[in-house]
Amino acid sequence: MTTESNEPRSRLQQALELVTGSLEEKKRWRQYKARVKALPENYRIAVEALERYLMHFGPADGAGAMTMYEDLADLFEQSAADGTPIRDLFGDDPIAFVEAFMANYPLGQYRARERNRFTSAIERAAREDRTQ
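Here's what I pulled together on the structure shown here. (Residues numbered from 1 in each chain as written. Predicted model: local features only at pLDDT ≥ 70, side-chain atom pairs only at ≥ 80, totals over all residues. Heavy atoms only, no water.)

What follows is about the packing of helix H3 (residues 41–57) against helix H4 (residues 63–82). At a minimum axis separation of 11 Å, H3 and H4 run at an interaxial angle of 160 degrees. Taken together, the axes of H3 and H4 are roughly antiparallel relative to one another. Two packed elements cross with a definite hand, and for H3 against H4 that hand is right-handed. Between H3 and H4, the residues in contact are Tyr43, Ala46, Val47, Leu50, Glu51, Leu54 and Met55 and Met68, Tyr69, Leu72, Phe76, Ser79 and Ala80, respectively. (Axes fitted to C-alpha atoms, helices over the stretch in contact; angles between N-to-C directions. Helix = DSSP H or I, 4+ residues; strand = E, 2+ residues; numbered from the N terminus. Parallel < 35°, antiparallel > 145°, perpendicular 65-115°, else oblique. Left-handed = near helix turned anticlockwise from the far one by under 90°. Contact = heavy atoms within 4.5 Å.)

Set out below in C-alpha cells:
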C-alpha cells in the first residue's frame, strides 16, 4: 500500500492516517532512528540524550520535528566523520547548545496554539484588572 507523495492517497490510507498519523512521517522517523543507531556509541548516547530533551522542550511537531531530527542526525554524522569531540560540539554549556539548535526551527502547531491561548488569557485578565 505504498504510494509516492505525488500520487493521490486511497480513502483507506487517508482513514488509516487519521487514526495512526502520517505514514510518511513514520517512515522518516524509522530512517532517522536507523541513522542514530549507526553512529559510534558516544555520539549515539549524546544524540539520544538530546532527542529526549527535544521531545520535552523542542519547538516543533509533525514535519517540522522530523526536519529538526534529520538535521540533528546530519550534524552528528558529520561530527563523527570529522572526529569532532562531543565536548567541542556541545561546548561547556549543553543547554546553551540545545537552545541555539532549537531556535532554528518553527514553533509546533500545538505549542504555538497553547502559547497564544495563554497570552490571550493573560491579556483578558489584565484588562479585567484595569476595569475594576
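Okay, the side chain of Arg28 next. Inspection of the secondary structure puts Arg28 in helix H2 (residues 23–37). Look past the residues within four positions of Arg28 in its chain and what remains in contact with it is Ala63, Met66, Thr67 and Glu70.

This next bit is on the packing of H2 against H4. For the pair H2 and H4, the least separation of the axes is 10 Å and the interaxial angle reads 20 degrees. Between H2 and H4, the angle is such that the two are roughly parallel. Crossing hand, H2 versus H4: left-handed. Residues Glu25, Arg28, Trp29, Tyr32 and Arg35 of H2 form the contact with H4, whose participating residues are Ala63, Met66, Thr67, Tyr69, Glu70, Leu72, Ala73, Asp74 and Glu77. Counted by class, the contact of H2 with H4 contains 7 nonpolar, 1 polar and 6 charged residues. (Nonpolar A, V, L, I, M, F, W, Y, C, P; charged D, E, K, R; others polar.)

Per the counting criterion, the structure on display carries 7 salt bridges. For Glu25, the salt bridge identified is with Arg28, shortest N-O distance 3.4 Å. Placement of the pair is Glu25 and Arg28 together in helix H2, with a separation of 3 residues, close to one helical turn. A salt bridge links Glu77 to Arg35; the nearest nitrogen and oxygen atoms lie 2.6 Å apart. Taken as a pair, Glu77 in helix H4 and Arg35 in helix H2 lie far apart in primary sequence, 42 residues in all. According to the relative accessible area criterion, Glu77 is partly exposed, its value standing at 30%. (Salt bridge = Lys/Arg side-chain N within 4 Å of Asp/Glu carboxyl O. Buried < 20%, exposed > 50% of the residue type's maximum accessible area, 1.4 Å probe, protein only.)

In this section: the environment of Ala103. Within the secondary structure, Ala103 is located in the loop between helix H6 (94–102) and helix H7 (109–131). Its relative accessible area of 63% is what places Ala103 among the exposed residues. Each C-alpha atom, one on Ala103 and one on Gly58, is 9.2 Å from the other, the two residues being 45 residues apart in sequence.

The end-to-end C-alpha separation of H4 is 28 Å, in line with the 28 Å expected for 20 residues at 1.5 Å each. On its buried face, H4 sits against H2, H3, helix H5 (86–90) and H6. With its phi angle positive at about 75 degrees, Gly83 sits one or two positions after the end of H4. (Expected span 1.5 Å × (residues − 1).)

The next subject is the side chain of Ser79. Secondary-structure assignment places Ser79 in helix H4. Taking relative accessible area as the criterion, Ser79 reaches 5% and is therefore assigned buried. If we ignore the near neighbours within four places in the chain, the residues touching Ser79 are Tyr43, Thr84 and Leu89.

Read these as spatial facts, not as claims about activity.
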